[in-house]
Amino acid sequence: MTTEFTLKYLGGLEDVVLSPTQGGTERSLEAQFIDKLEEAQLEGKLPYIASEEDQTVFLTVSKHGIKIRDSKKLQVIQRHPLHTICQAIHYVDGLGNFNLVVKTGQPGKNNFNCYTFQSTKEVSSTIVPE
């Protein structure tokens, strides 16, 4: 089964490092991860809101992984095999935007890359993580 979504690509972050929680006293890795994304937005590394200039992409999810294609030229921009996808996180930011973040890397490691997308509809960004 293959499912395709039309999203705005906001950008990516490389070599993101999170510290594992110990004893339940620290924030969860997911919360730390969203904090890192918001920090990148504050630093100007990622935009807050997808603009008309941001690249519209087709994100295809299949049993083989994720493929990201340019919506105009239909060229493959990125491919991520299933074994490199650590997590997909959907969240609504402080401005009410629906965001989808795909974490890629090696399982068991605390550093990874992430790719951030934004959708105008909640449906598009909530179906992927399920």
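Quick caveat, the model's predicted, so the values are computed rather than measured. (Residues numbered from 1 in each chain as written. Predicted model: local features only at pLDDT ≥ 70, side-chain atom pairs only at ≥ 80, totals over all residues. Heavy atoms only, no water.)

## Let's talk about the packing of aromatic side chains
Phase 1 of the analysis: One pass over the full model with this rule turns up two aromatic pairs.
Phase 2 of the analysis: For the pair Y9 and F117, a centre-to-centre distance of 5.4 Å together with 50 degrees between the ring planes defines the contact as tilted. Of this pair, Y9 sits in strand β1 (residues 3–17) while F117 sits in strand β7 (residues 111–119); the two residues are 108 residues apart in sequence, bridging distant segments of the chain. Taken individually, Y9 and F117 each receive the classification buried, so the pair is uniform in this respect.
Phase 3 of the analysis: The ring of F33 has K103 lying over it, and the distance from NZ or CZ to the ring centre is 5.1 Å.
Phase 4 of the analysis: One residue, K103, lies across the ring of F112, its end atom 4.4 Å from the ring centre. (Phe/Tyr/Trp six-rings, centres within 6.5 Å; stacked < 30°, edge-to-face > 60°. Helix = DSSP H or I, 4+ residues; strand = E, 2+ residues; numbered from the N terminus. Buried < 20%, exposed > 50% of the residue type's maximum accessible area, 1.4 Å probe, protein only. Lys NZ or Arg CZ within 6 Å of the ring centre and 35° of its normal.)

## Section: the environment of Q78
Phase 1 of the analysis: By the element assignment, Q78 lies in strand β4 (residues 76–81).
Phase 2 of the analysis: Spatially, the C-alpha atoms of Q78 and K67 are 6.0 Å apart, while their sequence positions differ by 11 residues.
Phase 3 of the analysis: Contact partners of Q78, with chain neighbours within four places excluded, come to Y9, I66, K67, I68 and Y115.
Phase 4 of the analysis: For Q78, the side chain forms a polar contact with the side chain of H80, separated by 2.9 Å. (Contact = heavy atoms within 4.5 Å. Polar contact = N/O pair within 3.5 Å; in protein donor to acceptor, adjacent residues only side chain to side chain.)

## Some points on the sheet that holds strand β2 (residues 55–62)
Phase 1 of the analysis: Read from one edge to the other, the open sheet built from seven strands follows the order β4-β3-β2-β1-β7-β6-β5, with strand pairing classed as antiparallel. In this open sheet, the two strands that pair with only one neighbour each are β4 and β5 (85–92). On average, each strand axis in the sheet is inclined to that of its neighbour by 30 degrees, with strand direction left out of account.
Phase 2 of the analysis: Of the pairings in the sheet, the one linking β5 to strand β6 (residues 98–104) comprises seven bridges and is antiparallel in character. Among the inter-strand pairings, V92 is bridged to a residue of β6, identified as F98.
Phase 3 of the analysis: On the sheet, helix α1 (residues 29–42) packs against β1, β5, β6 and β7 and is oriented at approximately 70 degrees with respect to β5. (Pairing = 2+ DSSP bridges. Axes fitted to C-alpha atoms, helices over the stretch in contact; angles between N-to-C directions.)

## Brief notes about the pattern of salt bridges
Phase 1 of the analysis: Inspection of the entire model under this criterion finds two salt bridges.
Phase 2 of the analysis: Here E4 and R69 are joined by a salt bridge, their closest N and O atoms 2.6 Å apart. Taken together, the residues span a long stretch of sequence, with E4 in strand β1 and R69 in strand β3 (residues 65–70) at a distance of 65 residues.
Phase 3 of the analysis: Taking the shortest distance from any N to any O, the salt bridge between K45 and E43 comes out at 3.2 Å.
Phase 4 of the analysis: Residue class for K45 comes out exposed when judged on its relative accessible area of 54%.
Phase 5 of the analysis: Of the residues examined, E43 reaches a relative accessible area of 47% and is grouped as partly exposed. (Salt bridge = Lys/Arg side-chain N within 4 Å of Asp/Glu carboxyl O.)

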